[in-house]
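# Structural characterization, general
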Amino acid sequence: MSPLPGRDGVRAAGEIVLTTRETWQRALEQAVREGGDVHVEMSGVTFVDVDGAHTLADAARRLPEGRRLVLHRPPATLRRVLEMFWPDQPAIEVSMS
């Protein structure tokens, strides 16, 4: 995890699984506290397990109304999991650019 230059959010890489979950959760919690939309650059992420997706959805749920969690280039499997389990989560936006 590393901060995103010029934006509120983080850059993630590798796998988001049991061994990296605590780092993932702390990074999202900090980004949610900072204010504004939260951007998560995920082009370097190869896999997100279901609990990692749940952590993401939970962070989006905690955002105040009007703020978004913008996922930039998330893995296709994460997009499918979010569509299956959290289809009505308006605070999550997927950007493929």
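Rules behind the numbers
Residues numbered from 1 in each chain as written. Predicted model: local features only at pLDDT ≥ 70, side-chain atom pairs only at ≥ 80, totals over all residues. Heavy atoms only, no water. Helix = DSSP H or I, 4+ residues; strand = E, 2+ residues; numbered from the N terminus. Buried < 20%, exposed > 50% of the residue type's maximum accessible area, 1.4 Å probe, protein only. Contact = heavy atoms within 4.5 Å. Axes fitted to C-alpha atoms, helices over the stretch in contact; angles between N-to-C directions. Parallel < 35°, antiparallel > 145°, perpendicular 65-115°, else oblique. Left-handed = near helix turned anticlockwise from the far one by under 90°. Pairing = 2+ DSSP bridges.

On to unusual backbone geometry. Look at Arg73: it is not a glycine, yet its phi comes out positive at around 55°. With respect to the secondary-structure elements, Arg73 resides in the loop between strand 4 (69–72) and helix 3 (76–85). A residue is classified by how much of its surface remains accessible, and Arg73, at 36% relative accessible area, is partly exposed.

Turning our eyes to something else, we now look at the environment of Gln25. By secondary structure assignment, the location of Gln25 is in helix 1 (residues 21–34). A sequence separation of 33 residues divides Gln25 from Asp58, and the C-alpha atoms of the two residues are 9.8 Å apart.

A separate point is the side chain of Ser95. Here Ser95 lies in strand 5 (residues 92–95). When sequence neighbours within four positions are dropped, the list of residues in contact with Ser95 reads Val70, Leu71, His72, Arg73 and Pro74.

Two elements in contact, helix 1 and helix 2 (residues 50–62), have axes whose closest approach is 10 Å; the angle formed by their N-to-C orientations is 15°. Taken together, the axes of helix 1 and helix 2 lie roughly parallel to each other. The crossing of helix 1 and helix 2 is right-handed. Together, Arg21, Trp24, Gln25, Leu28, Glu29 and Val32 of helix 1 and Asp51, Gly52, Thr55, Leu56, Ala59 and Arg62 of helix 2 make up the contact between the two elements.

Spatially, the five strands line up as an open sheet ordered 1-2-3-4-5, and their pairing is mixed. On the outer flanks of this sheet lie strand 1 (2–3) and strand 5, each paired with one strand and no other. In the sheet, strand 2 (residues 9–16) pairs with strand 3 (residues 38–48) via seven bridges, with the strands oriented parallel. Bridge pairing in strand 3 places Ala13 opposite Gly44.

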